[in-house]
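Take a look at the letters that make up each chain.
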Amino acid sequence: MNNITLDKARKGNLITIVNLPGGEINAQLIRIGIAEGETLVCLQRLPGGTIILQKNRQEIAVGYDLAKNIKIILR
């Protein structure tokens, strides 16, 4: 499958993180449970582009600008 960015994910998609932006943002994402190779579910897309992801029972909100820089594979 082709790599796309997280901003293209739709509600209900099962996604796997392929590549994260570098630097401090990478460290912050890893701390909240978003790391390369992780599989998450796209729970919801809010108006304005925010994406709500679910990992186990944790829900994580990712803003649109950040989502455009996270590469994923749809499962």
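Further up the page is the structure itself.
These numbers come from a predicted model, not from an experiment. (Residues numbered from 1 in each chain as written. Predicted model: local features only at pLDDT ≥ 70, side-chain atom pairs only at ≥ 80, totals over all residues. Heavy atoms only, no water.)

## Considering the pairing of strand 6 (residues 71–74)
Consideration 1: Of the pairings in the sheet, the one linking strand 1 (residues 4–5) to strand 6 comprises two bridges and is antiparallel in character. For isoleucine 4, the partnering residue across the bridge sits in strand 6 and is isoleucine 72. (Pairing = 2+ DSSP bridges. Helix = DSSP H or I, 4+ residues; strand = E, 2+ residues; numbered from the N terminus.)

## Comments concerning the environment of lysine 68
Consideration 1: Mapped onto the fold, lysine 68 is located in the loop between helix 2 (64–67) and strand 6.
Consideration 2: Sequence separation between lysine 68 and proline 21 is 47 residues; the distance between their C-alpha atoms is 9.8 Å.

## Quick notes on the pattern of salt bridges
Consideration 1: For the coordinates displayed, the defined rule picks out four salt bridges.
Consideration 2: For lysine 8, the salt bridge is made with aspartate 7, and the minimal N-O distance between the two is 3.2 Å.
Consideration 3: On the basis of relative accessible area, aspartate 7 is assigned to the buried category, the value being 6%.
Consideration 4: For glutamate 24, the salt bridge identified is with arginine 31, shortest N-O distance 3.9 Å. Comparing glutamate 24 with arginine 31 shows no difference in burial state: the two are exposed. (Salt bridge = Lys/Arg side-chain N within 4 Å of Asp/Glu carboxyl O. Buried < 20%, exposed > 50% of the residue type's maximum accessible area, 1.4 Å probe, protein only.)

## A word on the side chain of lysine 55
Consideration 1: Positionally, lysine 55 belongs in strand 4 (residues 51–55).
Consideration 2: At a separation of 3.2 Å, a polar atom in the side chain of lysine 55 contacts the main-chain carbonyl oxygen of glycine 33.
Consideration 3: Only 3.3 Å separates the side chain of lysine 55 from the side chain of glutamate 38, close enough to count as a polar contact.
Consideration 4: In contact with lysine 55, other than residues within four places in its own chain, are Gly33, Glu38 and Leu40. (Polar contact = N/O pair within 3.5 Å; in protein donor to acceptor, adjacent residues only side chain to side chain. Contact = heavy atoms within 4.5 Å.)

## Some remarks on the environment of threonine 50
Consideration 1: With respect to the helices and strands, the residue threonine 50 is situated in the loop between strand 3 (39–45) and strand 4.
Consideration 2: When its relative accessible area of 24% is taken as the criterion, threonine 50 is described as partly exposed.
Consideration 3: For the pair formed by threonine 50 and alanine 67, sequence separation is 17 residues and the distance between their alpha carbons is 8.1 Å.
Consideration 4: Apart from the residues lying within four places of it in its own chain, the contact partners of threonine 50 are Gln44, Arg45, Ala61, Val62, Gly63 and Tyr64.

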